[in-house]
Amino acid sequence: MTGQGTTRRATVVPRASVSLWRETARRFMRDRAAVLGLVIIALIVLAAITAPLLAPYDPIEQTLSLRRTPPSPQHLLGMDELGRDVLSRLMYGANQTLVSGVFVVLIGLVIGVPLGLVAGYAGGFVEGLAMRFVDGMLAFPAFLLAIVIVAVLGPTLQNATIAIGIATIPAFSRLVRGNVLSVKRNEYVVAAVSTGAPTGRILWGHILPNVSASIIVLSTVQLANAILSVAGLSFLGLGAQPPTPEWGLMLRSGREYIQQAPHITIAPGMAIMLLVLSFNLVGDGLRDALDPRLRR
Amino acid sequence: MGAYILRRLLVAIPLLLVVSIVVFLLMQLTPGDPAVLMLGQDATPQSIAQLRNQFGLDLPLPQQYLLFLENLLRGDLGRSFGTRLSVAGELARTWPATLELAVAAMAIALAVGLPLGVITAVGRGGVLDQITRVVVLVTVSMPIFWSGLLLIYYFSVQLGWLPTSGRGDGTVESELSHLILPAVSLSTFSLAVIVRLMRSSMLDVLGEDYIRTARSKGLRTWTVILRHGMKNALIPVVTVAGLQFGQLLAGAALTETVFNWPGVGRLVVTAVFSRDYPTIRGAVLLIATTFIIVNLLVDLVYAFLDPRIRYS
């Protein structure tokens, strides 16, 4: 790729990059596990979007006489500890989980990527400052940092999302900085600098596209981690609050009844695992597709 | 080696200071007057003023920080807003439980993860490798609080083999039986990470020239793998194991909640609920400091295993 960039004229670059993505997509589609992951994610997204239309019951409405009843034809996944339909709560909960997961990654991207780009490109004092900031954050285990931030902001799903998003920043900035350090030595960057291109355009037009592959892979993996962490905070009572249908919170309230009604905890746990597993499969597939040398 | 250790120590000190500043600011950033939090809503202005004076809350921020640091160095972490007990005492009571859990989990992760990583690398593409790959993928995708609940359901409720929660009554037998499920549950994620890394690191090493040389000398396969391969393959695993240990300490908040394990993680969670900032502060400080020290130790082990590091 480096060779192409330096020998061809700039106008050829878009076509080259389109074929790169097409090639990646082709390799990705050959990875059966990754495609399966993508299909599961699509189904869960569909369930989340169509929940208001397709969910069989209201996720919050209680039928006290049916508390903790096991799965039946009327209630496919049974009823929870307050007599709410578990399937409906799962469908609505998918929404909460996906949205908060995406926001976590967005926070990491929006703050972490520019931080890493600037630090890696500028070097010197700016890099030192940015990286000490990141090191300071890394002095805390990520989940602990999230708990600390929730302690300041107060326990809500929104705050849990922000907290985990902030704890995700170091992963992005470190990855981007590392990649920028190697990309900026490439001839096409040196050439752009020597023609007097503004720094912004060099970062945006020449460096970012060349680190985007690893950013995409990291985003997918971080999305999986974000879902686990948000559910974890909700499980501790530090995220979503009742009666929100959120998967981690469903596990929290169902755990009291694990002896009499295990179905209340099995369903949301299974849902979290399936979604996280799918994102991990897609992440692995993307990594292999984007960089075939890494395949083992 | 001496210079290297010194350099690493010099990096750790500012990090510890950063941790202390963050933890100090925790209380400043939270809405509400700490004195009111401590005394309750119906406290008189006089008693609030008195308390603010007593704890130095009326001093300028930098001076408050120095006071905090001074107390910290004397081992005084203040008193819990909730129980009024000394935070240092509370931590001394709960810390051994968390450490015991995290060490046991790490021991399980290493004892199972390292050999499994080596075996699957050597038998790459075989049945065991395939099965391990799937199990590892499923394990890293499982919320540890959920796998904990499933373990309780199966081994405690269904089979009745092990206790559901708590830490035991002090006898070795009871303590061990209480430790098994939470330790296994907490270990799963790190175990999966270690297997995966050990396998790929071992595969890298097995492709090296010195392994081919050792083989061509006619050494037995397992001698080559264990003596020449494993030591080199361990190097990247050591770093990750260190990082994982820190994550275990933080993740223990979940496992401790599931198993009612009386550790620091559960202490933090309850403290967040009751807005008991001195306790949160002390616990976070303790965990973060341990994390930094463990990473420092890992760096030293790393330098010992790989002499190239010392001279870079």
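Residues numbered from 1 in each chain as written. Chains lettered and ligands numbered in written order. Predicted model: local features only at pLDDT ≥ 70, side-chain atom pairs only at ≥ 80, totals over all residues. Heavy atoms only, no water.

Q: How should the overall build of chain A be read in this particular structure?
A: Looking only at helices and strands, chain A features 11 helices and 0 strands. The helix and strand sequence of chain A, counted from the amino end, reads α-α-α-α-α-α-α-α-α-α-α. Considering only C-alpha atoms, chain A reaches an extent of 75 × 45 × 35 Å along its principal axes. Counting all 296 residues of chain A, 51% fall into the buried class. Here the analysis covers contacts within chain A between residues at least 6 apart in sequence; of these, 70% occur between residues at least 24 apart. Summed over its atoms, the accessible surface of chain A is roughly 13800 Å², and 64% of this surface lies on carbon and sulfur atoms. For chain A, the distance from the average site of its 24 positive side-chain charges to the average site of its 15 negative ones is 11 Å. (Helix = DSSP H or I, 4+ residues; strand = E, 2+ residues; numbered from the N terminus. Buried < 20%, exposed > 50% of the residue type's maximum accessible area, 1.4 Å probe, protein only. Contact = heavy atoms within 4.5 Å. Areas by Shrake-Rupley, 256 points an atom, 1.4 Å probe, with all protein chains shown as cover. Lys, Arg positive; Asp, Glu negative; His and termini not counted. Charge placed at Lys NZ, Arg CZ, Asp CG, Glu CD.)

Q: So what exactly am I meant to see when it comes to the environment of A:Ala55 here?
A: Note that A:Ala55 resides in the loop between α3 (32–54) and α4 (86–122). Counting along the chain gives 36 residues from A:Ala55 to A:Met91, while the straight-line C-alpha distance between them is 6.6 Å.

Q: So what exactly am I meant to see when it comes to the interface of chain B and chain A here?
A: You'll often see interface size given as the accessible area lost when the parts meet. Listed by partner, the interface residues are 45 residues for chain B and 38 residues for chain A. Note on chain B versus chain A: buried area summed over both sides is about 3700 Å², and carbon and sulfur give 78% of it. At the junction of chain B and chain A, the tally comes to 0 salt bridges. At the boundary of chain B with chain A, the tally comes to 6 residue pairs in polar contact (both at pLDDT 80 or more). Within the residue set of the side of chain B that touches chain A, elements represented by two or more residues are α1 (2–29), α6 (127–140), α7 (144–158), α8 (172–206), α10 (221–258), α11 (264–273) and α12 (277–305) of chain B. Broken down by class, the residue content of the side of chain B that touches chain A amounts to 35 nonpolar, 6 polar and 4 charged. (Buried area = accessible area lost by both parts, 1.4 Å probe. Salt bridge = Lys/Arg side-chain N within 4 Å of Asp/Glu carboxyl O. Polar contact = N/O pair within 3.5 Å; in protein donor to acceptor, adjacent residues only side chain to side chain. Nonpolar A, V, L, I, M, F, W, Y, C, P; charged D, E, K, R; others polar.)

Q: Can you help me understand the pattern of salt bridges in this one?
A: Side chains bearing opposite charge may pair, as long as their charged atoms lie close to each other. Residue and element names in this part refer to chain A. The full count for this structure, using the stated rule, is 13 salt bridges over all chains. Of the charged contacts in the structure, one is a salt bridge between Glu23 and Arg26, with a shortest N-O distance of 2.8 Å. Of the two residues, Glu23 and Arg26 both sit in helix α2 (residues 13–30), 3 residues apart, roughly one turn of that helix. In this structure Glu23 comes out as partly exposed when scored by relative accessible area, which is 28%. Residues Glu23 and Arg27 are paired through a salt bridge, measuring 3.2 Å at the closest nitrogen-oxygen approach.

Q: Would you explain the nonpolar core in this entry?
A: The tendency in soluble globular proteins is for nonpolar side chains to be buried as a group. Residues and elements named next belong to chain A. Among the nonpolar cores identified, the biggest contains 169 residues, and Phe140, Ile147, Ile207, Leu233 and Trp247 are the most heavily contacted of them. With 18 residues, helix α9 (residues 199–236) is the single largest residue contributor to this core. Not counting residues within four places of it along the chain, the set of residues in contact with Trp247 comprises Ile44, Arg89, Leu90, Gly93, Ala94, Thr97, Pro268, Ala271, Ile272 and Leu275. (Core = buried A, V, L, I, M, F, W, Y, C linked by side-chain atoms within 4.5 Å.)

Q: Whenever I open this one, α11(B) confuses me. Can you help?
A: A turn of α-helix holds 3.6 residues, and therefore any two residues three or four places apart point the same way. With 7 of 10 residues buried, α11(B) is to be regarded as a mostly interior element. Buried within α11(B) are the following residues: B:Val264, B:Gly265, B:Leu267, B:Val268, B:Val269, B:Ala271 and B:Val272. Tucked inside the fold, the buried residues of α11(B) contact α6 (142–153) and α9 of chain A together with α5 (87–122), α10 and α12 of chain B. Phi for B:Arg275, located one or two positions after α11(B), is positive at around 50°.

Q: Help me understand the environment of A:Ser253, please; the structure alone is not making it clear to me.
A: Looking at the secondary structure, you find A:Ser253 in helix α10 (residues 247–254). The sequence separation of A:Ser253 and A:Gly124 amounts to 129 residues, and the corresponding C-alpha distance is 51 Å.

Q: In this structure, what is going on with the side chain of A:Thr161? I would like to understand it.
A: Residues and elements named next belong to chain A. In this fold, Thr161 is placed in helix α7 (residues 157–183). On the basis of relative accessible area, Thr161 is assigned to the buried category, the value being 8%. Polar contacts involving the side chain of Thr161 include one to the main-chain carbonyl oxygen of Leu157, which spans 2.7 Å. Those residues within four positions of Thr161 in sequence are excluded, and the remaining contacts are Ser100, Phe103, Val104 and Ile107.

Q: I'm lost on a nonpolar patch on the surface in this one. Help?
A: Residues and elements named next belong to chain B. On the surface, Ile119, Val122, Leu128, Trp222 and Leu226 cluster together into a nonpolar patch covering about 450 Å² of accessible area. Contributions of two or more residues to the nonpolar patch are made by α5 and α10. The class for Ile119 is partly exposed, based on a relative accessible area of 40%. (Patch = residues over 30% accessible without salt bridge, like charges linked within 9 Å, V, L, I, M, F, W, Y side chains within 5 Å.)

Q: How should I be thinking about empty space enclosed by the protein in this particular structure?
A: One way to see where empty space is left: roll a probe the size of a water molecule over the atoms. Within this structure, the stated rule accounts for 2 cavities of 30 Å³ or more. Taken together, A:Asp80, A:Glu81, A:Arg84, A:Val86, A:Arg89, A:Met250, A:Ser253 and A:Ile264 make up the full set of residues lining the largest cavity. Those elements that place two or more of their residues in the lining of the largest cavity are α4 and α10 of chain A. Here the lining of the largest cavity is composed, by residue class, of 3 nonpolar, 1 polar and 4 charged. Around the second largest cavity sit B:Pro163, B:Thr164, B:Ser165, B:Gly166, B:His178, B:Leu181, B:Pro182 and B:Phe259, which together line it. Per-class residue counts for the lining of the second largest cavity are 4 nonpolar, 4 polar and no charged. (1 Å grid on protein atoms, 1.4 Å probe; cavity = no way out; pocket = protein on both sides within 12 Å on 5 of 7 lines; lining within 4 Å. Points joined across faces, edges and corners; volume = space filled by probe spheres on them.)

Q: Quick question: what am I supposed to make of the packing of aromatic side chains here?
A: Here a ring pair, both rings aromatic, is described through the centre-centre distance and the interplanar angle of the planes. Residue and element names in this part refer to chain B. Taken as a whole, this structure holds 6 aromatic pairs over all chains when the rule is applied. Relative to Tyr65, the ring of Phe24 has its centre 5.3 Å away and its plane inclined at 65°; by these criteria the two rings are edge-to-face. You can see Phe24 sitting in helix α1 and its partner Tyr65 sitting in helix α4 (residues 61–73), a full 41 residues away along the chain. When its relative accessible area of 4% is taken as the criterion, Phe24 is described as buried. (Phe/Tyr/Trp six-rings, centres within 6.5 Å; stacked < 30°, edge-to-face > 60°.)

Q: How do you make sense of unusual backbone geometry when you look at a structure like this?
A: Comment: phi is negative for the bulk of residues other than glycine, and the bulk of peptide bonds are trans. Across the junction of A:Pro242 and A:Pro243, the peptide omega takes the value 5°, indicating a cis bond. A positive phi angle, near 70°, is found at B:Arg84, a position not held by glycine. Checked against the element boundaries, B:Arg84 lands in the loop between α4 and α5. The exposure class of B:Arg84 is partly exposed, given its relative accessible area of 46%. Its identity is not glycine, yet B:Asn260 carries a phi of approximately 50°, on the positive side. Its location among the elements puts B:Asn260 in the loop between α10 and α11.

Q: I tried to follow the confidence of the model for chain B on my own but got confused; where do I start?
A: Detailed reading of the predicted coordinates is not advisable wherever pLDDT is low. Residues and elements named next belong to chain B. Predicted confidence across chain B gives a mean pLDDT of 85, with 98% of residues reaching 70 or more. Within chain B, the lowest mean pLDDT, 64, falls on helix α13 (residues 307–311), and the highest, 92, falls on α5. Interface confidence in the predicted complex, given as ipTM, is 0.85; pTM for the same model is 0.86. (pLDDT = per-residue confidence, 0-100.)

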